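Secondary and tertiary structure notes
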Amino acid sequence: MTANDRGPQGAEHVEIVEVGPRDGLQNEDRTLSVDDRVELIDRAAAAGARRIEAVSFVNPKRVPQMAGAEEVMAGVTRAPGVSHIGLVLNRRGLDRAVAAGVSEVNVAVPATDGFCVRNQGCTVEEMLGVLADIDAALAGTGIPLSVTVSTAFGCPFDGEVPPEQVVEVVRRIADTGAVEIALADTIGVGVPRQVGDLLARVGKVADGRGLRCHFHNTRNTGYANALAAVDGGVRVLDSSLGGFGGCPFAPAATGNIATEDLLYMLHRSGLHTGVSLSEAAALGEWMGERLDKQPPAYLGRAGAFPA
């Protein structure tokens with residue numbers, strides 16, 4: 001491990017939200033055991049990830065890869081300063097998440113009805129009502145709420161998404177107690193100029209909430225989009241170890257940007273993340289072994305530079 005394995009000391013910090021244990025695994029043919037998922041989460045924390053999307057409290061019949069969320073949460077190490085995030089899509093999921101002891105709740109609200117109906121069984125307007133109910137139920141629990149606006153850059157069913165449509169969803173989210181709002185390129189269609197434009201627009205209605213971005217590399221624009229987001233002022237980015245991931249309800253939605261490749265880009269750009277590049281690359285390879293497939297990430301194959 002080099003002195004800059006976690007990024008230049010004293011440099012501006014970019015926070016990484018590790019989504020591999022949830023988004024990285026939910027669309028894979030092979031389902032990892034609870035023990036393997038616990039090991040993945042604990043090793044990500046040991047590598048320096050402070051926020052980890054650990055589980056989702058969804059119907060295991062629809063997403064069998066995410067079955068056993070309670071068992072995973074019971075098995076993870078509760079290290080100081082590490083937040084274990086649970087994705088919920090309804091009040092039932094919230095009740096399970098709170099009972100399991102998640103550190104943070106994330107709710108996904110699509111920007112389009114086409115995706116929302118297929119992924120969550122309701123319209124965007126109905127999902128905003130669900131969000132309001134979840135927000136009210138979280139009051140007084142001390143558990144922070146974050147909200148991800150999925151299909152913010154394009155929808156596999158509705159096509160192009162007008163930026164004004166995304167802005168309106170963000171404006172509605174800003175009426176809740178959410179502390180952070182993420183813009184997600186669920187199917188990897190966004191480009192850097194679009195990222196900058198959308199961030200500028202939603203920043204005007206987010207009412208001071210922190211902004212986060214979530215990119216997929218489906219069309220090889222994910223890393224350029226991540227750098228555009230940083231240039232646009234975003235200091236929190238989602239990524240997945242090994243570059244695994246995708247949505248089972250979005251056709252041809254391939255992997256998230258890889259944590260190790262993102263770290264290389266950010267560190268070489270003079271930014272600090274606190275996450276070990278070498279440990280992330282090794283963990284991406286470990287995931288590939290467990291899933292019996294080559295990780296999409298490049299760092300595990302090419303290595304860092306300088307060596």
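Notes on the structure follow. (Residues numbered from 1 in each chain as written. Predicted model: local features only at pLDDT ≥ 70, side-chain atom pairs only at ≥ 80, totals over all residues. Heavy atoms only, no water.)

1. Quick word on the nonpolar core
Quick reminder of the rule: Nine residue types can take part in a nonpolar core, namely buried Ala, Val, Leu, Ile, Met, Phe, Trp, Tyr and Cys, and a core is a set of them joined through side-chain atoms within 4.5 Å. Three exposure classes are used, based on accessible area relative to the maximum for each residue type with a 1.4 Å probe and protein chains only: buried under 20%, partly exposed in between, and exposed over 50%. Any two residues whose heavy atoms approach within 4.5 Å at even a single point are treated as in contact.
With 95 residues, the main nonpolar core has V149, V166, L183 and L237 as its most contacted residues. Those residues in contact with V149 that sit more than four places away from it in its chain are V109, A111, V166, V169, V170, I173, I181, A182, L183 and A184.

2. Section: the pattern of salt bridges
Two side chains bearing opposite charge may form a pair once their charged atoms approach each other closely. Keep this limit in mind: A side-chain nitrogen of Lys or Arg and a carboxyl oxygen of Asp or Glu constitute a salt bridge if their distance falls within 4 Å. Helix and strand assignments come from DSSP, with helices taken as H or I runs of at least 4 residues and strands as E runs of at least 2, each series counted from the N terminus.
Counted by the stated rule, this structure contains 21 salt bridges. For the salt bridge of R43 with E39, the shortest nitrogen-to-oxygen distance reads 3.7 Å. Taken together, the residues span about one helical turn, with R43 and E39 both in helix α1 (residues 34-46) at a distance of 4 residues. Accessibility expressed as a relative area gives 31% for E39, which makes it partly exposed. Beyond isolated ion pairs, a larger network of salt bridges with shared partners links E15, R51, E104, E180, R212 and D238.

3. Remarks on the environment of P248
Summarising the element assignment, P248 is placed in the loop between β8 (236-239) and α9 (259-268). In this structure, the C-alpha to C-alpha distance between P248 and V147, residues 101 residues apart in sequence, is 20 Å. The contacts of P248, once residues within four sequence positions are left out, are Q26 and N27.

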